[in-house]
Amino acid sequence: MSNCVFCRIVAGEVPAEVLFANDYVVTILDINPIHYGHALVIPRKHVRGFLELEPDCYAPLLDAAKTVSAALVDALNLEGYNLFSNNGRIAGQSVFHFHLHITPRYENDDIRFVLKLKKYNDGEMKQYADRIRQNIKHA
Ligand SMILES: [Zn+2]
C-alpha cells in the first residue's frame, strides 16, 4: 500500500469527491479548500512534480483542467479562477504527487496571494534571460 495519499485516492483506497476521471487523471475536491469548489487535477501515475511528468500526460491534464474549470464556472457562477501548481516544499507543495489546483474566485472573496514584486536593475533582466536561455533543453 502506498503512503502517498493521492496514489491511495487514485486506487480507491481513500475516499474523495471525484469530479472527473479518465485513464490519465482523477479530479477531486480539495479537502481543505481555499474556496468552496477548489479542485485538484491529479495524474494517476505518481510523479513528484511538474518536471517529472511524462509527455503523454500533458494533454490529458490540461483537458481535465479545462473541463473541470468550465464546470466550476457554470456550477458555481465563478467570476474567475486561479490555476496553479506548487512544486517543492518551499513553494508550498504539501503532497508530493504532482497536482494542479483550480481555485474559484469571486469579487471581494478576501483571497490574496501576497506578492512583493521586484524591479530589475539596468541590464539585469537580459542577464537573467541569457542564463535561462542557455539552459533551455529542447525535448
Ligand atoms: Zn502518489
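Refer to the structure presented above.
Residues numbered from 1 in each chain as written. Predicted model: local features only at pLDDT ≥ 70, side-chain atom pairs only at ≥ 80, totals over all residues. Heavy atoms only, no water.

## What about the coordination of the zinc ion?
Distances from the zinc ion to its protein donors, namely C4 (SG), C7 (SG), H46 (ND1) and H97 (ND1), fall within the range 2.0 to 2.3 Å. All donors of the zinc ion come from a single chain, and their spacing in sequence reads C-x2-C-x38-H-x50-H. Separated by 51 residues along the polypeptide, H46 in the loop between β3 (39-43) and α2 (58-76) and H97 in the loop between β4 (80-84) and β5 (100-105) bring together distant segments of the chain. Residue H97 is classed as buried on the basis of its relative accessible area of 0%. (Donors = N, O, S within 2.8 Å, 3.2 Å for Na, K, Ca; no water. Helix = DSSP H or I, 4+ residues; strand = E, 2+ residues; numbered from the N terminus. Buried < 20%, exposed > 50% of the residue type's maximum accessible area, 1.4 Å probe, protein only.)

## Quick word on the nonpolar core
The biggest cluster of nonpolar side chains holds 15 residues, and the ones touching the most others in it are V41, L53, L61, L72, F98, L100 and I102. Among the secondary structure elements, those contributing two or more residues to this core are β3, α2 and β5. Looking at this core element by element, the count peaks at five residues for α2. Ignoring anything within four residues of it in the chain, the contact list for L100 reads A39, L40, V41, L61, A65, F84 and S85. C7, V10, I28 and L40 belong to the second largest nonpolar core, which has 10 residues in total. (Core = buried A, V, L, I, M, F, W, Y, C linked by side-chain atoms within 4.5 Å. Contact = heavy atoms within 4.5 Å.)

## Regarding the side chain of H99
Mapped onto the secondary structure, H99 falls in the loop between β4 and β5. Assessed through its relative accessible area of 7%, H99 is described here as buried. Separated by 2.7 Å, the side chain of H99 and the backbone oxygen of H97 make a polar contact. At 3.4 Å, the side chain of H99 forms a polar contact with the side chain of H101. Not counting residues within four places of it along the chain, the set of residues in contact with H99 comprises F6, L40, V41, I42, F84 and S85. (Polar contact = N/O pair within 3.5 Å; in protein donor to acceptor, adjacent residues only side chain to side chain.)

## A closer look at the packing of aromatic side chains
Taken as a whole and judged by the stated rule, the model has three aromatic pairs. Taking 5.8 Å as the distance between ring centres and 75 degrees as the angle between the ring planes, the aromatic pair formed by F84 and F113 counts as edge-to-face. In this pair, F84 sits in strand β4 while F113 sits in the loop between β5 and α3 (124-133), placing the two residues 29 residues apart along the sequence. The interplanar angle of 55 degrees and the centroid separation of 5.7 Å between the aromatic rings of Y120 and Y128 together place this pair among those described as tilted. A cation sits over an aromatic face here: R131 above Y128, 5.6 Å from the ring centre. (Phe/Tyr/Trp six-rings, centres within 6.5 Å; stacked < 30°, edge-to-face > 60°. Lys NZ or Arg CZ within 6 Å of the ring centre and 35° of its normal.)

## Thoughts on unusual backbone geometry
Unusually for a residue other than glycine, N108 sits at a positive phi of about 60 degrees. Given the relative accessible area of 73%, N108 is considered exposed. Unlike most non-glycine residues, D110 shows phi in positive territory, near 60 degrees. Here D110 shows up in the loop between β5 and α3. For D110, a relative accessible area of 61% translates into the label exposed.

## Things to note about the sheet that holds strand β1 (residues 18-21)
Across a sheet, strands are paired by hydrogen bonds formed along the backbone, either parallel or antiparallel in direction. Read across the sheet, five strands follow the order β1-β2-β3-β5-β4 without closing on themselves; strand pairing throughout is antiparallel. Looking at which strands have only one partner, the edges of the open sheet turn out to be β1 and β4. On average, each strand axis in the sheet is tilted by 15 degrees relative to the strand beside it, whichever way the strands run. Pairing of β4 with β5, which is carried by five bridges, proceeds in the antiparallel orientation. By the bridge assignment, Y81 is partnered in β5 with P104. (Pairing = 2+ DSSP bridges. Axes fitted to C-alpha atoms, helices over the stretch in contact; angles between N-to-C directions.)

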